[in-house]
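Structural features, examined
Below are the chains, spelled out letter by letter.
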Amino acid sequence: MNRYFEDPAYLWLLLLIPVLAAIWFLMHWRQKRKLRMFGDPELVRQLMPDVSRWRAMVKYGLLLASLALLIVAFARPHWGSGTKTEKRKGIETIIAMDISNSMRAQDVTPSRLDRSKMMVENLVDKFSNDKIGLIVFAGDAFVQLPMTSDYVSAKMFLSSIDPSMIATQGTDIAAAIDMAVHSFSQDDQVGKAIIVITDGEDHEGGAVEAAEEAKKRGMRVYVLGVGSTGGAPIPDPSTGKYMFDETGNTVMSALNEDMCKQIAQAGGGTYIHVQNGYAAQQQLNDELDKLSKKEITAEVYNSYDEYFVWFALAALLLLVLEVILLERKSPLLKNVHLFKRSSAAK
């Protein structure tokens, strides 16, 4: 069963739970310390026979539990109700996304990487009968998402992409293309597209040869060049400033269009320059529509049910229990000791 949250940002509020619990225990400790100033703890307890410290703790615990449930409810949890296999006519697409530090440059809005992620998300929204996979690369390359028809998961993995995922910096486009070639199905009749999204700063070489090999295997390599040829400084998230080289000069990163065009030509695809606009998106969609589509087998989720109501009802139930449970012992239940205090407790 697959699951996801519609508004996962609300889950950060769960960090309040341990903070509120710590505050309560601190206040309880201070109150207990003040009571000891009145005299012997055992004598004080005898003077307050109807007071139970356990009831107060349980009531506060119910409040915290209900708050946690409400936070989860606001995050809008969804569960898939099962899977089924369908026959669809579509293509297979592997997105190879450059996540090297140079993709932080902001010569496109809001940044090269963020613009790339927006394009992929729009592409996924357009898909209906296709399969998609995701590869990220810098100095190394690895599969972020294997080939799938689950577009919800594709968006989830896409949103988590960040340059910090790969410690080895650089740009090894050849490794990304080679990994993409081996990520497709063995069906020779279905259209296969490798979409390389990069600024073209290839530090390892061999990208053109890798694209040629992909073409020989019946795949098309499309290159989306992100950035400007004039170049832009690279932000450093650790300092809030720009990156500097060993001589103290600001590191500039420029789009290498010549390299991007060579890779696309060798791969039998098209080079598309990504700027601040949607022309590149439409051009990419048009190019993919030209690929042959064949009936493919896809495992999809029947539906996603939202469980907001169940978490909200559970929170309401706990709140009702908290109201019903009194801090003082009920006169009608004097002989029922659900929260009996140990004689050794202080």
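Our structure is the block above this text.
Just so it is clear, the model here is predicted, and its values are computed rather than measured.

Taken residue by residue, helix α5 (residues 151–159) has Y151, S153, A154 and L158 as its buried positions. Across the axial projection of α5, the buried residues extend over an arc of 155°, all falling on one side.

Attention now goes to the sheet that holds strand β8 (residues 219–226). Sheet strands pair via backbone hydrogen bonds, and the direction of the pair is either parallel or antiparallel. Taken in spatial order, the 6 strands line up as β6-β5-β4-β7-β8-β13 in an open sheet, and their pairing is mixed. The open sheet has two edge strands with one neighbour each: β6 (141–148) and β13 (268–274). Strand-to-strand twist in this sheet, taken as the mean axis angle between neighbours without regard to direction, amounts to 15°. Across 7 bridges, the pairing between strand β4 (residues 92–98) and strand β5 (residues 131–137) is parallel. For E92, the partnering residue across the bridge sits in β5 and is K131. Helix-sheet contacts for helix α7 (residues 207–216) involve β7 (192–198), β8 and β13, and the interaxial angle to β8 is about 145°.

Attention shifts here to the pattern of salt bridges. Across all of its chains, the model carries 8 salt bridges by this definition. K59 is the salt-bridge partner of E322, the closest N and O atoms lying 2.9 Å from each other. With a gap of 263 residues between them, E322 in helix α10 (residues 308–324) and K59 in helix α3 (residues 53–74) connect regions that are remote in the sequence. Note on K59: relative accessible area 10%, which makes it buried. K290 is the partner of E287 in a salt bridge, and the nearest nitrogen-oxygen pair spans 3.5 Å. What you see here is one network of salt bridges that share partners, running through D107, R112 and D199.

Strand direction decides the pairing type here: β5 and β6, joined by 5 bridges, are antiparallel. Among the inter-strand pairings, V136 is bridged to a residue of β6, identified as F142. Hairpin connection between β5 and β6: a loop of 3 residues separates the two successive antiparallel strands.

Judged by nonpolar contacts, the single largest core of 34 residues is most densely connected at I95, M97, I195 and L288. If you list the elements that add at least two residues to this core, you get β4, α4 (112–126), β5, α5, β7, β8, β13 and α9 (279–289). Take this core: its biggest share by element is 5 residues, from α4. Not counting chain neighbours up to four residues away, the residues in contact with I195 comprise T93, I94, I95, A96, L123, Y222, L224, L284 and L288.

Moving on to the packing of α4 against α5. Running from amino to carboxyl end, α4 crosses α5 at an angle of 175°, the nearest separation of the two axes being 10 Å. One element, α4, and the other, α5, form an angle in the roughly antiparallel class. Across the interface between the two elements, K117, V120, E121, V124 and D125 of α4 pack against Y151, K155, L158 and S159 of α5. Among the residues making up the contact of α4 with α5, the classes are represented as 4 nonpolar, 1 polar and 4 charged.

What counts, and where the lines are drawn
Residues numbered from 1 in each chain as written. Predicted model: local features only at pLDDT ≥ 70, side-chain atom pairs only at ≥ 80, totals over all residues. Heavy atoms only, no water. Buried < 20%, exposed > 50% of the residue type's maximum accessible area, 1.4 Å probe, protein only. Helix = DSSP H or I, 4+ residues; strand = E, 2+ residues; numbered from the N terminus. Arc of directions from axis to C-beta. Pairing = 2+ DSSP bridges. Axes fitted to C-alpha atoms, helices over the stretch in contact; angles between N-to-C directions. Contact = heavy atoms within 4.5 Å. Salt bridge = Lys/Arg side-chain N within 4 Å of Asp/Glu carboxyl O. Core = buried A, V, L, I, M, F, W, Y, C linked by side-chain atoms within 4.5 Å. Parallel < 35°, antiparallel > 145°, perpendicular 65-115°, else oblique. Nonpolar A, V, L, I, M, F, W, Y, C, P; charged D, E, K, R; others polar.

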